[in-house]
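Each chain, written out:
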Amino acid sequence: MVTRTVKDAEGRTWTCTTNSAAGESAVKGKDIQLTCTTDSIAQPVLVTVGWSWEKTSENGLARMIVAATKAA
């Protein structure tokens, strides 16, 4: 599993972890599902991102998480 922490525009700190087995997070062309959590939201947020998600800017990833939170 790969973990990444980002901060959104509202100041919340999100910790995201891949939902795939070890070594699968970097398979070229394969989307990855992340489970993202923050203290102020009770339920984890599931976000599907592209295979190169680790190179996504912090702001970009945070915007995807917030969008997934509003859609849920």
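1. So, the overall build of the chain
Step number 1: Helix and strand content of the chain: one helix and four strands.
Step number 2: Along the chain direction, N to C, the helices and strands of the chain fall in the order β-β-β-β-α.
Step number 3: A total of about 4,500 Å² of accessible surface is found on the chain, and carbon and sulfur atoms cover 51% of it.

2. A word on the sheet that holds strand β1 (residues 3-7)
Step number 1: Read across the open sheet, the four strands follow the order β1-β2-β3-β4; overall the sheet is antiparallel. What marks the edges here is a single partner per strand, and that holds for β1 and β4 (41-49). Neighbour to neighbour, the strand axes of the sheet diverge by 25° on average, direction disregarded.
Step number 2: Pairing of β1 with strand β2 (residues 13-18) involves five bridges; the strand directions are antiparallel. Opposite T3, over in β2, you have T17 as the bridge partner.
Step number 3: Those strands touched by helix α1 (residues 58-71) are β1, β2, β3 (32-38) and β4, and its axis lies near 120° from that of β4.

3. Details of the side chain of R4
Step number 1: Position of R4 relative to the elements: it lies in strand β1.
Step number 2: Despite its burial, R4 pairs with no opposite charge, the nearest such side chain being E58 at 6.0 Å.
Step number 3: Of note is the side chain of R4, whose polar atom sits 2.5 Å from the backbone oxygen of T56.
Step number 4: Apart from residues no more than four positions distant in its own chain, R4 is found in contact with W14, T15, C16, W53, E54, K55, T56, S57, E58 and L61.

4. Observations regarding the pairing of β3
Step number 1: Taking every second residue as pointing to the same face, the buried face of β3 carries I32, L34, C36 and T38, while none of Q33, T35 and T37 on the other face is buried.
Step number 2: Two strands pair when backbone bridges link them, and β2 and β3 are joined in this way by four bridges, in the antiparallel orientation. In the sheet register, T15 faces β3, and the bridge partner there is T37.
Step number 3: Sheet topology note: the β3/β4 ladder contains six bridges and is antiparallel. From the neighbouring strand, I32 faces β4, where its bridge partner is V49.
Step number 4: Hairpin connection between β3 and β4: a loop of two residues separates the two successive antiparallel strands.

Definitions and limits used
- Residues numbered from 1 in each chain as written.
- Predicted model: local features only at pLDDT ≥ 70, side-chain atom pairs only at ≥ 80, totals over all residues.
- Heavy atoms only, no water.
- Helix = DSSP H or I, 4+ residues; strand = E, 2+ residues; numbered from the N terminus.
- Areas by Shrake-Rupley, 256 points an atom, 1.4 Å probe, with all protein chains shown as cover.
- Pairing = 2+ DSSP bridges.
- Axes fitted to C-alpha atoms, helices over the stretch in contact; angles between N-to-C directions.
- Contact = heavy atoms within 4.5 Å.
- Buried < 20%, exposed > 50% of the residue type's maximum accessible area, 1.4 Å probe, protein only.
- Lys, Arg positive; Asp, Glu negative; His and termini not counted.
- Salt bridge = Lys/Arg side-chain N within 4 Å of Asp/Glu carboxyl O.
- Polar contact = N/O pair within 3.5 Å; in protein donor to acceptor, adjacent residues only side chain to side chain.

That's the geometry; what it means functionally is another story.
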